[in-house]
Amino acid sequence: MNQYLDISPEVKEALDAGKPVVALESTIISHGMPYPKNVETALLVEQTIRDNGATPATIAVIGGRLKAGLTHEEIEYLGKTGRKVAKASRRDLPALVARKADGATTVTTTMIIAHMAGIKIFATGGIGGVHRGAETTMDISADLEELAQTPVMVVCAGAKSILDLGLTLEYLETKGVPVIGYGTDELPAFYTRKSGFGVDYRVDSPEELAAMFRAQRGLGYKGGMLVTNPVPEEYAMDKATIDAAIEQALSEAKAQGIHGKETTPFLLAKVVELTGGDSLESNIKLVLNNAKVAAQTAKLLGE
Ligand code: PSU
Ligand code: MN
């Protein structure tokens with residue numbers, strides 16, 4: 001086992017017994033939602049995974065240790081401290097480990113640590129991608145590179161249209177990352193079920209997801225797989241409302257000169273602010289929905 005990794009007793013027991021485990025990220029807690037909804041949601045997501053027969057492993061960096069499986073106190077701490085916790089991407093882990101610091105893990109670092117721990121599947125809300133205007137800013141999330149090089153299945157609700165979804169799909173194609181629509185032919189756009197862009201493959205059951213992942217491993221590929229699961233119909237947002245909020249968030253980010261790792265958290269917080277509780281509610285519901293699909297699939301990945 002990696003010298004910097006701590007696996008919680010519950011997660012270790014499950015892994016040792018070959019039982020299904022689902023990884024969860026912590027940037028969504030510290031940077032993706034306001035307190036206390038973030039903590040409530042993190043605990044509810046863990047419960048949903050348990051209810052569906054798997055063990056949750058929420059991932060973060062605490063005191064320089066890579067943690068797979070957090071205590072309720074640790075989740076409360078990450079949620080309460082919020083954006084003051086470092087957002088930890090691939091480039092940040094060496095510094096956080098050496099300095100014994102704390103970090104909230106993004107999709108990228110959650111995949112890295114999940115893989116170190118032997119966890120094959122991870123559920124979240126949305127992934128990072130190619131930002132709008134990336135042709136001049138070169139702002140492309142490290143999440144896309146990680147999907148290309150780390151063998152973890154990531155279950156999400158697509159990506160928010162704060163990103164350029166067309167370019168995000170092109171990038172994933174170049175990198176050889178399969179983009180699967182769960183019960184849909186179209187890439188979901190997080191708050192809405194449709195984006196206008198097609199996925200590579202539509203899959204309608206956890207069995208077929210597991211079969212594809214096994215085939216990817218059998219082929220000796222090093223990368224992962226992106227499963228995009230649309231927000232349940234009843235919690236989807238009105239497209240015009242969310243589009244207007246995203247446009248305003250993007251123009252405020254530009255006016256304030258927001259850039260680099262601050263871009264995504266700024267846009268996420270702005271969209272929540274502009275749409276009131278509605279977007280937060282649909283965000284919570286879609287994460288729970290992804291946790292369920294991930295737990296159902298995790299049970300089949302051992303076979
Ligand atoms: N998109 C969301 N919600 C999130 C994130 C992205 O809809 O919480 C978070 C995830 O942790 C993701 C990270 O991995 O932001 C991407 O940040 P960046 O764009 O800086 O790579
Ligand atoms: Mn970026």
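Look a little higher up for the structure.
**Describing the site of ligand 1**
Residues in close proximity to ligand 1 total 15 residues, the closest being Glu25, Lys87, Asp143, Lys160 and Thr264. Within the side chain of Asp143, one N or O atom sits 2.6 Å away from an oxygen atom of ligand 1. Contact between ligand 1 and Lys160: an oxygen atom at 2.4 Å from a side-chain N or O atom of the residue. Protein burial of ligand 1: of its 470 Å² of free accessible surface, 92% is covered by the chains. Of all the elements in the fold, those that place two or more residues in the shell around ligand 1 are helix H2 (27-30) and helix H12 (263-275). Taken together, the residues that form the shell around ligand 1 break down as five nonpolar, six polar and four charged.

**Observations concerning the environment of Val22**
Tracing the sequence through the fold places Val22 in strand S2 (residues 21-24). With 100 residues separating them along the chain, Val22 and Phe122 place their C-alpha atoms 5.3 Å apart. Each residue touching Val22, except ones within four places of it in the same chain, is listed here: Ile49, Ala54, Thr55, Pro56, Ala57, Ile119, Ile121, Phe122, Ala123, Ala294, Ala295 and Ala298.

**Structural notes on the packing of aromatic side chains**
With the rule as written, the count across this model stands at one aromatic pair. On the numbers, 4.8 Å between centres and 80 degrees between planes, the contact of Phe190 with Tyr191 is edge-to-face. Each member of the pair Phe190 and Tyr191 is classed as buried. Over the face of the ring belonging to Phe190 we find Lys160, whose NZ or CZ atom lies 3.6 Å from the ring centre. Directly above the ring of Phe213 sits Arg217, whose terminal nitrogen or CZ lies 4.8 Å from the centroid.

**Topic: the pairing of strand S8 (residues 153-156)**
Consecutive side chains along a regular strand alternate between the two faces of the sheet. The alternating pattern of S8 places Met153 and Val155 and Val154 and Cys156 on opposite faces, both of which are buried. Strand direction decides the pairing type here: S8 and strand S11 (residues 225-228), joined by four bridges, are parallel. Looking across to S11, one finds that Met153 is bridged to Met225.

**So, the pattern of salt bridges**
Applying the stated criterion to the full structure yields 17 salt bridges. Between Lys175 and Glu145 there is a salt bridge, and its shortest N-O distance comes to 3.2 Å. Here Lys175, found in the loop between helix H9 (165-174) and strand S9 (179-182), pairs with Glu145, found in helix H8 (residues 142-149); they are 30 residues apart in sequence, far enough to count as distant. According to the relative accessible area criterion, Lys175 is partly exposed, its value standing at 34%. Under the relative-accessibility criterion, Glu145 is labelled partly exposed at 28%. Connected via shared salt-bridge partners are Asp6, Arg65 and Lys67.

Thresholds applied
- Residues numbered from 1 in each chain as written.
- Chains lettered and ligands numbered in written order.
- Predicted model: local features only at pLDDT ≥ 70, side-chain atom pairs only at ≥ 80, totals over all residues.
- Heavy atoms only, no water.
- Near = heavy atom within 4 Å.
- Polar contact = N/O pair within 3.5 Å; in protein donor to acceptor, adjacent residues only side chain to side chain.
- Areas by Shrake-Rupley, 256 points an atom, 1.4 Å probe, with all protein chains shown as cover.
- Helix = DSSP H or I, 4+ residues; strand = E, 2+ residues; numbered from the N terminus.
- Nonpolar A, V, L, I, M, F, W, Y, C, P; charged D, E, K, R; others polar.
- Contact = heavy atoms within 4.5 Å.
- Phe/Tyr/Trp six-rings, centres within 6.5 Å; stacked < 30°, edge-to-face > 60°.
- Buried < 20%, exposed > 50% of the residue type's maximum accessible area, 1.4 Å probe, protein only.
- Lys NZ or Arg CZ within 6 Å of the ring centre and 35° of its normal.
- Pairing = 2+ DSSP bridges.
- Salt bridge = Lys/Arg side-chain N within 4 Å of Asp/Glu carboxyl O.

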